[in-house]
Every structure is written in structure tokens, then in C-alpha cells.
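Observations on chain architecture
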Amino acid sequence: MQNQLSVALIQSNLVWENPEQNRINFSQKINAISKPVDLIILPEMFTSGFTMHAAQVSEAMTGTTVSWMRDLAQQNQVAITGSLVIADQNAFYNRLLFVMPDGDVQYYDKKHTFTLAGEDRVYKAGKKPLIVDYRGWKLKPLVCYDLRFPVWARNTEDYDALIYVANWPKVRISAWDALLKARAIENMSYCIGVNRVGLDGNNYEYSGHSAAYDVLGERIDYMLPNKEAIDVVTLYKNHISKYREKLGFLKDRDTFSLK
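First, a word on scope: everything that follows refers to the structure included in this document.

Definitions and cut-offs
- Residues numbered from 1 in each chain as written.
- Predicted model: local features only at pLDDT ≥ 70, side-chain atom pairs only at ≥ 80, totals over all residues.
- Heavy atoms only, no water.
- Pairing = 2+ DSSP bridges.
- Helix = DSSP H or I, 4+ residues; strand = E, 2+ residues; numbered from the N terminus.
- Axes fitted to C-alpha atoms, helices over the stretch in contact; angles between N-to-C directions.
- Contact = heavy atoms within 4.5 Å.
- Buried < 20%, exposed > 50% of the residue type's maximum accessible area, 1.4 Å probe, protein only.
- Arc of directions from axis to C-beta.

1. A word on the sheet that holds strand β6 (residues 132–134)
- Strand order in this open sheet of 5 strands is β6-β7-β8-β9-β12, and the pairing throughout is mixed. In the strand order of this sheet, the two ends are held by β6 and β12 (211–213), each with one partner. Between one strand axis and the next, the sheet turns by 20° as a mean value, whatever way the strands run.
- Relative to strand β7 (residues 137–143), β6 is paired through 3 bridges, and the arrangement is antiparallel. Paired with Y134 across the strands is W137, a residue of β7.
- Where helix α6 (residues 173–187) meets the sheet, its contacts fall on β8 (161–166), β9 (190–195) and β12, and the angle it forms with β9 comes to roughly 155°.

2. Some details on helix α7 (residues 237–247)
- Regarding α7, the residues found buried are K237, H239, I240, Y243 and R244. For α7, the angular spread of the buried residues around the axis is 165°, confining them to a single face. For α7, exposure combined with an orientation more than 90 degrees from the buried face picks out E245 and K246.
- Packed against the buried residues of α7 are β7, α6, β9 and β13 (229–236).
- One or two residues past the end of α7 sits G248, with phi positive at roughly 65°.

Structure below.
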């Protein structure tokens, strides 16, 4: 088990509905990371932007982007996560992939599809949460709109960190800022959110505001908004155990189950 986990947040513009160019751009960004890291986080729908044209950009789990992620993870001995449009069993999913350094792939399908944009009419919602065990850390990855639903993120598994990947627009960025911090505080876990920047094909603007918070809700990153950036943060196991033992808030959780 590692006491530390080094995580790279990649805040990037996305080329609209162009998986090949986005893979090229992210390859350059990943290769530019100068220090060793354990995990690299990409935004939501990082190959296309937040599109409802699923048939134009979708790939299979045996497709080019999954192979690209596996190759990069193995070459750099790092885990890589982010979501993309996946076609699987006659349905489209906004699927987050977590690719291990050995090439193993785990995935989570976005549960809360964004009805305001019609995502629910294009993409099938997921039903199963995911906890990733990676280098002694328990990580819970979620996608964008999931952030608004705290019960789905509730820390009943004693996970160490929440990860949100997003295309969260500038017009509602204050909610993103507030909810990321709240998820860290209420779950006594690290909480990391990686959002895109730039304009998409529908002329929606994104301002980034990617961030990482510790278990007390204090920011630990130095990410600037409104531009492409890469920041590396370090998470510490002893920080989690110190404050969970000292404050004991998770011991007072209400008990209930989701149907």
C-alpha cells in the first residue's frame, strides 16, 4: 500500500467530435508531464466534447481509444481515466474507463444523464457504482452531473478519493465549485474534479475550474481557470486517517439503502 498517490489533472480544450485529433492532443499533453505520477485524469467525453451525436463518435470497447489508453498506461506505467462515448449491446453509454498500468480496464457508466441537454434520450444510464482498488487506494470515479446527487457519492465503502470528470459549462460553474468542496467535506475524502475549457460545437463555453480538495475541504491544487493546464497533486493516506480518527464524522452516518 502506498501512503502517497500522485495524480495529474489535465484541463484541456476538446476538438469537437474529432476523436483522432483529441487522442493526438492528449498524447502530447501526457508525454509533457515531467514528473512521475500514479494516475492521469482526463475530462468527460474527452474524445468528442459533450455531444448528443453518439453514432458519429462512438467506439467499441475493442476500439481505437481503448487501445490507445491501454498502450499509454502500459508505456508510462500509470493509470489513466476519463469518459468517452461507447457503443455496447445496441446502446450508447457515457462511459468512464479506468485503465490500469497492466492494461486492465474497469468502467463506470454515468448514472445521472443530463436531461437538460437531452442526454437521457441518447445515452443509457448506468446502474452500478464502481470502486477502483489501485495501489492500495480506494477510488470512486463519477461523471459530471452525478456531482449534483450526493447520495450516489455517499461514502459507505470508506473510499479514499472521489473523482469527477466533466464538461461543466461556465454559466453554472459556481455550483461545480461549491459541490466539489461539499463532496469532500461530507465524505471525509479527497475530491478531485477535472473539467474542460473552451467552446464546444454548440457554442457553450467552459471555464475549467478543475480542482482537488482534501478531507477538510481545503484546496490542494494550483490549477488556474479558463485555460489549458496540467497540475499534479499528491494525496496522503495519513491525512485521511488522521482526520477520520480525530473527528469521527463518518461513524455517525445514517444507515439506509438505495433501491
